[in-house]
Amino acid sequence: MATCSRCLLSDNIPSVRISSSGLCNYCAVSAKQQPGHGMTDNEFSELLDKYKDRKYQVIMAFSGGKDSSYTLKLIREKYNASILAVTFNNGFLSELSLQNIKVVTDYLGVDSLMMKYPTNKLLKAFKYVGDGRIYPRVSLERASSICNLCIMLVKNMIYYEAIIRDIPIICFGWTPGQVDTAKPLLRLDCRTVSKVFENVRNSIVDELGAEYEKYFLDPGFMRENAEKMPWLYYPFVKNAYNESLIIEEIRQIGWKYPENTDGNSSNCLLNSYANQCHIDRFGYHPYAFEISNMVRAGYMSREEGAEKLEQVKNDSSYEMIRKMFEKI
Amino acid sequence: MDSKDVKDKLLSFFQNFMPYNESINEIDGDESLIDNGYIDSTGLISLIAFIEENFKFEVFDREIIPENFESINKIHMYINSRVLSMR
């Protein structure tokens, strides 16, 4: 197995090729560097101003992890946005994460909601998607099958809540390694949004029953609300990202790092199991692409990236979740 | 930049994400990229970034619709039309 001399991607990932120079195909075409500190985000400010009379200008997908906690603080304090923080509780948020959600939203004076689907229903769905066959290969290169489903459910829930509550902007706590874009704001049309969820929605409903339909956006509902499609805001296109500084800043407002999650999640106990299953099945770390993107763009050193790639699971949470999946 | 240059550059985006043992030439230019799993929502956002960086124009939100982004041939036609309008 060969590893890229710059970003750590290895050629056991299907789309990765390492050339004789030692660089992978992703590094060969990328010259991007992170943005400078404190760039002005005029487009976002102007959009907030346009919707200043709304009850909420932004709906934030708030997991209680470090990145969404920092993002929430950033858009509240830097942009003075009126925000509704919505947490998708997948049933596996650590106790400390639930505390972090309360502490951070209380400190920032942000209204907060939690959406939770029955754990057993989610477990069945996570188990069904476990082998990854319903996902495109490109999706599995960026996240485990369990994470892919969880993220998809969050996106469906957030779009729905934004539309019915008339909130014009959606924000996620994506790191710069998770989304490759130079556009801080993007507004997709209703058909495109429906389309990207369609295959997974249909597979799950066919296999597990019509009771799962309500967890996905209905194309008819989307068409009826075509004019209400919200913008997606990516804060780290124009704002600096530094993991250590982020953690330091949110610690100052009472956020605490859970000890029972794995090294690549600061809120979810399921992640350990999801990571290990992905590695057992596909042979590479599901965070490899995110980490390599961060290294390539200079957000993380190669050594820091290598250290993260060694962190797969927290043994105790892995074992607990494994037993739960066995019972399904 | 002529239509062939546009196509070559566009295909290079997809080729970069193809498994080592597959070629972009195996994809039918008219087949749906999302339906057939060649691209997902994150990939679509990367594709837009790639187009803006490589073809030097802004992709407007109103243009991110299936009529322009459903298949390789549709994306090719969309980029061609934008490149032509810049001349």
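The rules behind the values
- Residues numbered from 1 in each chain as written.
- Chains lettered and ligands numbered in written order.
- Predicted model: local features only at pLDDT ≥ 70, side-chain atom pairs only at ≥ 80, totals over all residues.
- Heavy atoms only, no water.
- Helix = DSSP H or I, 4+ residues; strand = E, 2+ residues; numbered from the N terminus.
- Rg over C-alpha atoms; globule rule 2.2 N^0.38 Å.
- Buried < 20%, exposed > 50% of the residue type's maximum accessible area, 1.4 Å probe, protein only.
- Contact = heavy atoms within 4.5 Å.
- Areas by Shrake-Rupley, 256 points an atom, 1.4 Å probe, with all protein chains shown as cover.
- Lys, Arg positive; Asp, Glu negative; His and termini not counted.
- Charge placed at Lys NZ, Arg CZ, Asp CG, Glu CD.
- Salt bridge = Lys/Arg side-chain N within 4 Å of Asp/Glu carboxyl O.
- Pairing = 2+ DSSP bridges.
- Core = buried A, V, L, I, M, F, W, Y, C linked by side-chain atoms within 4.5 Å.
- Domains from an automatic or database assignment.
- Buried area = accessible area lost by both parts, 1.4 Å probe.
- Polar contact = N/O pair within 3.5 Å; in protein donor to acceptor, adjacent residues only side chain to side chain.
- Nonpolar A, V, L, I, M, F, W, Y, C, P; charged D, E, K, R; others polar.
- Expected span 1.5 Å × (residues − 1).
- Arc of directions from axis to C-beta.

Student: Got a minute to help me understand the overall build of chain B in this structure?
Tutor: Helix and strand content of chain B: four helices and zero strands. Listed N to C, the secondary structure of chain B is α-α-α-α in terms of helices and strands. Here the C-alpha atoms of chain B give a radius of gyration of 12 Å, agreeing with the 12 Å that 2.2 N^0.38 yields for 87 residues. Its C-alpha atoms give chain B principal-axis dimensions of about 40 × 25 × 20 Å.

Student: For this particular structure, what's the right way to read the overall build of chain A?
Tutor: Looking only at helices and strands, chain A has 14 helices and six strands in total. Over its C-alpha trace chain A gives a radius of gyration of 19 Å, about what one expects of a compact globule, namely 20 Å for 328 residues. Oriented by its inertia axes, the alpha-carbon framework of chain A measures out at about 55 × 50 × 40 Å. Taken across its 328 residues, chain A has 57% of its residues classed as buried. A separation of at least 24 residues holds for 75% of the contacts in chain A among residues at least 6 apart in sequence. As presented, chain A carries roughly 13,900 Å² of accessible surface, and 48% of it is formed by carbon and sulfur atoms. When the 40 basic and 39 acidic side-chain charges of chain A are each reduced to a single mean position, those positions are 3 Å apart.

Student: I would appreciate a short explanation of unusual backbone geometry in the present structure.
Tutor: Glycine aside, the phi torsion of most residues is negative, and most peptide linkages are trans. A positive phi angle is found at Leu-8 of chain A, which is not glycine, with a value near 85°. Along the chain, Leu-8 of chain A turns up in the segment before α1 (25-28).

Student: Before we go on, may I ask you to explain the pattern of salt bridges in this structure?
Tutor: Opposite charge on two side chains permits pairing when their charged atoms draw close. Inspection of the entire model under this criterion finds 23 salt bridges over all chains. In this structure, Glu-243 of chain A engages Lys-66 of chain A in a salt bridge whose closest nitrogen and oxygen atoms are separated by 3.2 Å. One end of the pair, Glu-243 of chain A, is in helix α10 (residues 243-251); the other, Lys-66 of chain A, is in helix α3 (residues 66-77), with 177 residues separating them in the sequence. For Lys-66 of chain A, a relative accessible area of 8% puts it in the buried group. The salt bridge partner of Glu-58 of chain B is Lys-183 of chain A, with a shortest N-O separation of 3.8 Å. One end of the pair, Glu-58 of chain B, is in the loop between α2 (41-55) and α3 (66-69); the other, Lys-183 of chain A, is in the loop between β4 (169-171) and β5 (185-186), on a second chain. In the salt-bridge network here, residues are joined through shared partners; they are Lys-66, Asp-67, Glu-243 and Lys-308 of chain A.

Student: It is not clear to me how the pairing of strand β2 (residues 83-89) of chain A should be interpreted in this structure. Could you clarify?
Tutor: As a general feature of sheets, a regular strand has side chains that alternate between the two faces. Residue and element names in this part refer to chain A. Within β2, seven of the seven residues are buried, which leaves it mostly tucked inside the rest of the structure. Here β2 shows a buried face lined by Ile-83, Ala-85, Thr-87 and Asn-89 and a second buried face lined by Leu-84, Val-86 and Phe-88. In terms of strand pairing, strand β1 (residues 58-61) meets β2 through four bridges, oriented parallel. Bridge pairing in β2 links Val-58 to Ile-83.

Student: Please clarify how the side chain of Asp-40 of chain B should be interpreted in this entry.
Tutor: Looking at where Asp-40 of chain B falls in the secondary structure, it is placed in the loop between α1 (3-17) and α2. The buried category is assigned to Asp-40 of chain B, whose relative accessible area is 12%. Aside from chain neighbours lying at most four places away, what touches Asp-40 of chain B is Val-138, Ser-139 and Arg-142 of chain A.

Student: Quick question: what am I supposed to make of the nonpolar core here?
Tutor: Formed by 87 residues in total, the largest nonpolar core has its most connected members in Leu-149 of chain A together with Phe-14, Ile-51, Phe-69 and Ile-79 of chain B. Of all the elements, helix α7 (residues 145-164) of chain A adds the most residues to this core, at eleven residues. Both of domain 2 (42-237) and domain 3 (257-326) of chain A provide at least three residues apiece to this core. Leaving out residues up to four positions away in the same chain, Phe-14 of chain B has contacts with Ile-24, Leu-33, Ile-39, Leu-47, Ile-72 and Ile-75 of chain B. Counting residues in hydrophobic clusters, the runner-up holds 42 residues, among them Met-60, Leu-74, Ile-83 and Trp-255 of chain A.

Student: Mind showing me how you'd approach the domain arrangement of chain A here?
Tutor: Buried accessible area, meaning the area lost when the parts come together, often serves as the stated size of an interface. All names here are of chain A. The assigned domain composition of chain A is domain 1 (1-34), domain 2 (42-237) and domain 3 (257-326). Contacts between the two partners involve 18 residues from domain 1 and, on the opposite side, 14 residues from domain 3. Overall, the association of domain 1 and domain 3 removes approximately 1,300 Å² of surface from exposure, summing both partners, and the carbon and sulfur fraction of that is 61%. At the junction of domain 1 and domain 3, the tally comes to four residue pairs in polar contact (both at pLDDT 80 or more). Of the residues contributing to the side of domain 1 that touches domain 3, the split by class is ten nonpolar, six polar and two charged.

Student: Teacher, can you tell me more about helix α4 (residues 95-108) of chain A here?
Tutor: The periodicity of an α-helix, 3.6 residues per turn, causes residues three or four places apart in sequence to face the same way. All names here are of chain A. With 14 residues, α4 should reach 20 Å at 1.5 Å per residue; the first-to-last C-alpha distance of 20 Å fits that figure. Taken residue by residue, α4 has Ser-97, Asn-100, Ile-101, Val-104, Thr-105 and Leu-108 as its buried positions. Viewed along the axis of α4, the buried residues span an arc of 115°, placing them on a single side of the element. Within α4, the exposed residues directed more than 90 degrees away from the buried face are Glu-95, Lys-102 and Asp-106. Buried residues along α4 sit in contact with α3, β2 and β3 (111-116). One or two steps after α4, the chain reaches Gly-109, where phi turns positive at roughly 65°.

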